[in-house]
Amino acid sequence: AQSVTQPDIHITVSEGASLELRCNYSYGATPYLFWYVQSPGQGLQLLLKYFSGDTLVQGIKGFEAEFKRSQSSFNLRKPSVHWSDAAEYFCAVAGGTSYGKLTFGQGTILTVHP
Amino acid sequence: KAGVTQTPRYLIKTRGQQVTLSCSPISGHRSVSWYQQTPGQGLQFLFEYFSETQRNKGNFPGRFSGRQFSNSRSEMNVSTLELGDSALYLCASSFGQETQYFGPGTRLLVL
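Residues numbered from 1 in each chain as written. Chains lettered and ligands numbered in written order. Predicted model: local features only at pLDDT ≥ 70, side-chain atom pairs only at ≥ 80, totals over all residues. Heavy atoms only, no water.

Looking now at the sheet that holds strand β1 (residues 5-7) of chain B. Residues and elements named next belong to chain B. Pairing within the open sheet is antiparallel, and its 4 strands lie in the order β1-β3-β8-β7. Of all strands in the sheet, those with a lone pairing partner are β1 and β7 (64-68), marking the two edges. Each neighbouring strand pair of the sheet contributes to a mean axis angle of 20°, computed without reference to strand direction. (Pairing = 2+ DSSP bridges. Helix = DSSP H or I, 4+ residues; strand = E, 2+ residues; numbered from the N terminus. Axes fitted to C-alpha atoms, helices over the stretch in contact; angles between N-to-C directions.)

Moving on: the state of the cysteines. One pass over the structure, following the stated rule, counts 2 disulfides over all chains. Between Cys23 of chain A and Cys91 of chain A runs a disulfide, and the two sulfur atoms are separated by 2.0 Å. Note on the Cys23 of chain A and Cys91 of chain A pair: the S-S dihedral is about -65°, so by sign convention the disulfide is left-handed. Remark: Cys91 of chain A occurs in strand β10 (residues 87-95) and Cys23 of chain A occurs in the loop between β3 (19-21) and β4 (24-26); sequence separation between them is 68 residues. Across a sulfur-sulfur distance of 1.7 Å, Cys23 of chain B and Cys91 of chain B are joined as a disulfide pair. Measuring the twist about the S-S bond at about -55°, one finds the Cys23 of chain B-Cys91 of chain B disulfide to be left-handed. Here Cys23 of chain B, found in strand β3 (residues 19-24), pairs with Cys91 of chain B, found in strand β9 (residues 87-94); they are 68 residues apart in sequence, far enough to count as distant. Exposure class is identical for Cys23 of chain B and Cys91 of chain B. Each is buried. (Disulfide = S-S within 2.5 Å. Buried < 20%, exposed > 50% of the residue type's maximum accessible area, 1.4 Å probe, protein only.)

In this section: the packing of aromatic side chains. The tally for this structure, following the rule as stated, stands at 16 aromatic pairs over all chains. Considering the side-chain rings of Tyr36 of chain A and Phe102 of chain B, the 5.2 Å spacing of their centres and the 85° angle between planes classify their relative orientation as edge-to-face. Residue Tyr36 of chain A is located in strand β5 (residues 32-38), and its partner Phe102 of chain B is located in strand β10 (residues 101-102); the two belong to separate chains. Overall, the relative accessible area of 10% leaves Phe102 of chain B in the buried class. Taking 5.6 Å as the distance between ring centres and 85° as the angle between the ring planes, the aromatic pair formed by Phe104 of chain A and Tyr35 of chain B counts as edge-to-face. Taken together, the positions of Phe104 of chain A in strand β11 (residues 98-104) and Tyr35 of chain B in strand β4 (residues 31-38) put the pair across two chains. For the pair shown, Phe104 of chain A and Tyr35 of chain B are each scored as buried. Taking the ring centre of Phe50 of chain B as reference, the NZ or CZ of Arg55 of chain B above it sits at 4.1 Å. (Phe/Tyr/Trp six-rings, centres within 6.5 Å; stacked < 30°, edge-to-face > 60°. Lys NZ or Arg CZ within 6 Å of the ring centre and 35° of its normal.)

Let us now look at the pattern of salt bridges. Side chains that carry opposite charge are capable of pairing whenever their charged atoms lie near each other. In the structure shown here, the tally under the stated rule is 9 salt bridges over all chains. Note that Asp85 of chain B and Arg63 of chain B form a salt bridge whose closest N and O atoms lie 2.8 Å from each other. Taken together, the residues span a long stretch of sequence, with Asp85 of chain B in the loop between β8 (74-78) and β9 and Arg63 of chain B in the loop between β6 (53-57) and β7 at a distance of 22 residues. For Asp85 of chain B, a relative accessible area of 3% translates into the label buried. In this structure, a network of salt bridges that share partners links the residues Glu64, Glu66 and Arg77 of chain A. (Salt bridge = Lys/Arg side-chain N within 4 Å of Asp/Glu carboxyl O.)

Remember that the coordinates give geometry; whether it matters functionally is a separate question.
What follows is the structure in structure tokens.
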């Protein structure tokens, strides 16, 4: 069964600092990998996705993520965080016969200090 | 192109009642998936519908059911509501089985 682990429940950074959110997945073959962001009381917004090809993917709002098969990781990065990036971030995996089923990590809450 | 819409946005019910939530996918999208989000369990997959057929199902009791209509709109129903069913219910649509785009959710409170 596929699974996702986000080791950090809560991360605090200062505005302008760099950010890395960790995500580790468990899946037998090449998965589809996603990062979503959720603001309080809102739905999920897609930041970026990896299906195949270049292992460094660019997303919206200046985010990028790198797929590392050897480490089963798909970490999200941003070089300079803005106060508006404060939200909860979810890593998700899909694959096999269940591409329509996303398995999510527990989420990482990002707090940004001015 | 309009995004995924969900109605109602907020709902209050009492234990034992039933509830129906509605989801309208992005135009042209044929797959609709439903998720439950709670503080304790996080985001959990309920089921997926494609062309009016349930294609995947999560590990939820039979009180949770869904359906999809010929115009791809979907409904989910929860019968005999329990306090633990209080959650944010999210609907997502996709063209095939690739990227899922989420709606704003329906927040259900069971008293």
